[in-house]
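Listed here are the chains, written in short residue letters.
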Amino acid sequence: NFGEDLLACVRDGSIYYWDASAGLGTRSVELSSLSGSVAAPTVARQVLISDRDRHAIAFGCNPENSSVQDPMLIRFSDQENLYDWAATATNTAGDLKMGSGSGFIQAVETRQQILVFTDTSLYSMQFIGPPLTFGITLISENVQIQGPNAAIAVDDSVYWMGGDNLYIFNGITNIIPCTVRDYVFDDFNSSRNKKAAAWL
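Since this is a predicted model, take the numbers as computed values, not measurements. (Residues numbered from 1 in each chain as written. Predicted model: local features only at pLDDT ≥ 70, side-chain atom pairs only at ≥ 80, totals over all residues. Heavy atoms only, no water.)

**Q** Is there a simple way to explain the pairing of strand β1 (residues 6–9) in this structure?
**A** Along any regular strand the residues' side chains alternate between the sheet's two faces. Sheet topology places β1 next to strand β2 (residues 15–18); 4 bridges connect them, and they run antiparallel. Opposite Leu 7, over in β2, you have Tyr 17 as the bridge partner. Hairpin remark: β1 followed by β2, antiparallel, with 5 residues in the connecting loop; positive phi at Asp 12, about 60 degrees. (Pairing = 2+ DSSP bridges. Helix = DSSP H or I, 4+ residues; strand = E, 2+ residues; numbered from the N terminus.)

Following this line, the structure appears as structure tokens:
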């Protein structure tokens, strides 16, 4: 949600924008096709709005001035502006590159930060203000997550289903003791892991 408007993404596909003022009879359109859109990503794995500072963020997206998707790239728009993604000295748009892993899996926002999972690592992404806008810190390596919906934030903690355990991050990464762990993981079809979902 961006106010009453919506930003949506088909995983490894286009980013779409729906303007609520146009009414329910109007379809969403590709963000990059909108009049006034500057350097908006054309492909991404996930998008979200950073609630604290009002930036649109695209994960696993194409770099500015390129149409080739980079699975480890994070880009963010100018503050309070879904249209302007061109990084300049006069706005807060920019990008970050993760170095550990081979691809972005999921991002989850908490009250204090955005936790970003790759296929092998966990990062913390925080708003730090101009000129860098966001900072990113590697929290844990050798961390797995089952799929793009397998983590959920509850207040400042994040829970997720890993490759062989259930985990919590609440300042540090810990395994959650689980009496049915063997039952769940011994019978889990890992070829369908993208269907794993966490919810309240």
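**Q** What am I meant to see in the environment of Phe 185 here?
**A** Structurally, the position occupied by Phe 185 is in helix α1 (residues 181–186). Residue classification places Phe 185 among the buried residues on the basis of a relative accessible area of 13%. Residues Phe 185 and Met 161, spaced 24 residues apart in sequence, show a C-alpha to C-alpha distance of 10.0 Å. (Buried < 20%, exposed > 50% of the residue type's maximum accessible area, 1.4 Å probe, protein only.)

**Q** Teacher, can you tell me more about the pairing of strand β11 (residues 133–141) here?
**A** Pairing geometry for strand β10 (residues 121–129) and β11, over 8 bridges, is antiparallel. Opposite Ser 121, over in β11, you have Glu 141 as the bridge partner. The loop that links β10 with its antiparallel partner β11 comprises 3 residues.

**Q** For this particular structure, what's the right way to read the sheet that holds β1?
**A** In any sheet, the strands associate via hydrogen bonds between backbone groups, in a parallel or an antiparallel arrangement. One open sheet accounts for 3 strands, arranged β1-β2-β3; its pairing is antiparallel. The open sheet has two edge strands with one neighbour each: β1 and β3 (29–30).

**Q** Would you mind going over the sheet that holds strand β8 (residues 104–109) with me for this structure?
**A** If you trace the 4 strands from one edge of the open sheet to the other, you get β8-β9-β10-β11, paired in antiparallel fashion. In this open sheet, the two edge strands, each paired with only one partner strand, are β8 and β11. Across the sheet, the axes of successive neighbouring strands diverge by a mean angle of 25 degrees, strand direction being ignored. The pairing of β8 with strand β9 (residues 114–118) spans 5 bridges and is classified as antiparallel. Following the sheet pairing, Glu 109 is matched in β9 by Ile 114. (Axes fitted to C-alpha atoms, helices over the stretch in contact; angles between N-to-C directions.)

**Q** What am I meant to see in unusual backbone geometry here?
**A** One can expect most non-glycine residues to show negative phi and most peptide bonds to be in trans. Pro 130 connects to Pro 131 through a cis peptide bond whose omega is 5 degrees. Unlike most non-glycine residues, Ala 39 shows phi in positive territory, near 60 degrees. On the secondary structure map, Ala 39 appears in the loop between β3 and β4 (46–50). Here the phi dihedral of Asp 155 falls at roughly 60 degrees; this positive angle occurs in a residue that is not glycine. Take Asp 155: it is sitting in the loop between β12 (151–154) and β13 (157–161).

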